[in-house]
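Geometric and topological summary
The primary structure of each chain is shown beneath.
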Amino acid sequence: MTSRNQSRRSEALSPFHVMDILAQAKALSQQGRAVYHMEVGEPDFATAKPIVEAGIEALRQHQTHYTPALGLPELRHAIAEYYDRKFSLVIDPKRIIVTPGASGALQLAMICLLDAGDNVLLADPGYPCNKNIARVLAAEAVAIPVTAENYYQLDARSVAQHWNSRTRAAMVATPSNPTGTVLPKAQLAALLQFVERKQGRLIVDEIYQGLVYENDDYTALEISDECFVINSFSKYFGMTGWRIGWMVVPEFYVDTIDRIAQNIFLAPPTISQHAALTALKKETQVILDARRDEFKQRRDFLLPALQQLGFDVAVKPQGAFYIYASCEKFTDDSFNWVKKLLTEQGVALTPGIDFGSHLANKHCRFAYTQSLEKLQQAVDRIDAFIKNN
Ligand SMILES: Cc1ncc(COP(=O)(O)O)c(C=O)c1O
């Protein structure tokens with residue numbers, strides 16, 4: 001018999017339930033049914049033309065070799081300039097590490113900070129991959145239930161309650177996935193102060209920076225240089241498939257992260273780094289800001305439309321492209337409800353269970369990564385579904 005050895009750690013990784021939904025949605029599409037994709041966590045827009053052209057030009061120029069593990073020096077400089085332009089912040093490019101997406105940055109950060117048996121605190125609901133990255137490292141992710149009261153975000157009090165001798169770090173995302181809520185600056189400042197007092201590290205995932213609709217967009221780097229700040233070209237810059245992101249770390253960690261990156265990734269993708277240089281240009285940002293405005297319009301349509309149907313949205317989402325809504329009026333089993341909605345009306349959502357366990361069965365996530373016209377049609381179908389069930 002063939003040996004099927006497999007690490008217990010890899011067996012323990014939880015799947016994305018939304019993959020089931022996606023497979024079902026694909027099968028429906030193949031049968032010729034109209035499917036409304038509100039489960040997908042990426043912009044529907046194609047990558048902006050100047051960025052694509054820059055990628056093609058990089059290929060023409062034979063930019064197909066490895067770069068330094070921490071990224072092209074000119075891209076690290078360009079990211080520093082971006083912080084200067086956007087937030088009037090001077091960041092030493094040495095502290096900027098280019099990564100294969102925010103995913104690569106999250107892995108580097110956790111490898112750098114966590115030993116086996118350590119723990120990291122994170123929000124429930126929250127971005128699901130983080131707990132699995134911790135698991136791969138034989139560390140533990142401690143999920144802290146968060147509620148509307150604190151904008152579905154960790155605060156110093158909840159973190160203090162869960163902090164123990166094995167805790168090395170806490171993680172937040174602002175704006176958050178799945179709730180789209182922004183962590184108020186004062187709440188973040190208090191959190192940073194607490195974590196620093198404990199000599200731990202706060203990892204602040206700012207992947208949805210730039211997609212903020214009414215609050216001032218800010219970075220944790222305005223408050224402290226002691227945290228790990230994660231970012232990406234995936235969302236605001238619309239480059240999910242290019243697999244390129246970055247991280248800003250305290251200078252002390254740069255050499256260690258260089259060694260980790262050399263061993264884990266060797267280098268971030270070269271073509272994407274050249275394209276990212278163009279993504280950061282002022283001229284490109286005009287295109288990206290127009291897309292942000294379109295996301296805002298979609299949110300401003302979808303939020304009241306869902307509330308009118310009876311979904312409860314406890315905190316108005318100020319960023320990203322998600323609405324995390326309670327479907328408690330209709331079901332206490334959102335996973336099966338979402339599956340039924342897809343089968344009967346062709347509308348695909350993400351069930352709450354993908355983001356944790358706290359009240360997960362009563363929630364689902366709507367991604368407004370579809371045109372306004374499609375969103376309107378999807379709302380009509382959800383309305384019909386609710387009336388028929
Ligand atoms: C909060 C958050 N962090 C990180 C990621 C990973 O993004 P990427 O690796 O494409 O940059 C995502 C993707 O959806 C996310 O929502």
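Everything that follows concerns the structure shown earlier in this document.
Residues numbered from 1 in each chain as written. Predicted model: local features only at pLDDT ≥ 70, side-chain atom pairs only at ≥ 80, totals over all residues.

1. Some remarks on the overall build of the protein chain
A tally of helices and strands in the protein chain yields 13 helices and 12 strands. Here the protein chain has a C-alpha radius of gyration of 21 Å; the compact-globule value for 389 residues is 21 Å, and the two agree. Expressed along its principal axes, the backbone C-alpha trace of the protein chain runs to roughly 60 × 60 × 50 Å. Taking all 389 residues of the protein chain together, the buried fraction comes to 43%. (Helix = DSSP H or I, 4+ residues; strand = E, 2+ residues; numbered from the N terminus. Rg over C-alpha atoms; globule rule 2.2 N^0.38 Å. Buried ≥ 20, exposed ≤ 12 C-beta atoms within 10 Å, placed from the backbone.)

2. A look at the sheet that holds strand E5 (residues 167-173)
Strand order in the open sheet made by the seven strands is E2-E8-E7-E6-E5-E3-E4, with mixed pairing throughout. Strand pairing shows two members of the sheet lacking a second neighbour, strand E2 (96-99) and strand E4 (140-145), which therefore form its edges. On average, each strand axis in the sheet is tilted by 25 degrees relative to the strand beside it, whichever way the strands run. Pairing geometry for strand E6 (residues 201-205) and strand E7 (residues 228-232), over three bridges, is parallel. Residue pairing for E7: Val204 is matched across the bridge by Val229. (Pairing = 2+ DSSP bridges. Axes fitted to C-alpha atoms, helices over the stretch in contact; angles between N-to-C directions.)

3. Observations concerning the site of the ligand
Around the ligand lies a shell of 13 residues, among which Gly101, Ala102, Ser103, Ser232 and Ser234 are the nearest. For the shell around the ligand, the element with the highest residue contribution is helix H5 (residues 101-113), accounting for three residues. In terms of residue class, the shell around the ligand is built from four nonpolar, eight polar and one charged. (Near = placed C-beta within 6 Å. Nonpolar A, V, L, I, M, F, W, Y, C, P; charged D, E, K, R; others polar.)

4. Concerning the nonpolar core
Core analysis: the biggest nonpolar cluster contains 107 residues, and Val120, Ala170, Leu202, Ile230 and Met247 have the highest contact counts within it. The leading source of residues in this core is H5, at six residues. Two domains each donate at least three residues to this core, and these are domain 1 (11-46 + 284-388) and domain 2 (50-281). Once residues within four sequence positions are removed from consideration, Met247 is found in contact with Ile97, Thr99, Ala105, Leu108, Ala109, Phe228, Val229 and Ile230. (Core = buried A, V, L, I, M, F, W, Y, C linked by C-beta atoms within 7 Å. Domains from an automatic or database assignment. Contact = placed C-beta atoms within 7 Å.)

5. Side note on the sheet that holds strand E12 (residues 363-367)
Within the open sheet, the three strands sit side by side as E9-E12-E11. Their pairing is antiparallel. For this open sheet the edge positions go to strand E9 (322-326) and strand E11 (350-351), each flanked by a neighbour on one side alone. Bridge analysis of E9 against E12 gives five bridges, and the strand direction is antiparallel. Among the inter-strand pairings, Ala325 is bridged to a residue of E12, identified as Cys364.

6. Structural notes on helix H12 (residues 334-345)
With 12 residues, H12 ought to run about 16 Å at 1.5 Å a step, and its terminal C-alpha atoms sit 16 Å apart, in line with that. Inspection of H12 places Ser334, Phe335, Trp337, Val338, Leu341, Leu342 and Gln345 among the buried residues, and these make up the whole buried set. Taken around the axis of H12, the buried residues stretch over an arc of 165 degrees, which confines them to a single face. Opposite the buried face of H12, at more than 90 degrees from it, the exposed residues are Asn336 and Thr343. In this fold, the buried residues of H12 make contact with helix H2 (17-30), strand E10 (347-348), E11, E12 and helix H13 (372-388). Following H12 by one or two positions, Gly346 adopts a phi angle in the positive range, close to 70 degrees. (Expected span 1.5 Å × (residues − 1). Arc of directions from axis to C-beta.)

7. A short note on the packing of H5 against helix H9 (residues 254-264)
Where H5 meets H9, the closest approach of the two axes is 10 Å, and the angle between their N-to-C directions is 120 degrees. When the axis of H5 is compared with that of H9, the two are oblique. The way H5 lies across H9 gives a crossing that is right-handed. Residues Gln107, Leu108, Ile111 and Cys112 of H5 lie in contact with H9, whose contacting residues are Thr256, Ile257, Ile260, Ala261 and Ile264. Taken together, the residues that form the contact of H5 with H9 break down as seven nonpolar, two polar and no charged. (Parallel < 35°, antiparallel > 145°, perpendicular 65-115°, else oblique. Left-handed = near helix turned anticlockwise from the far one by under 90°.)

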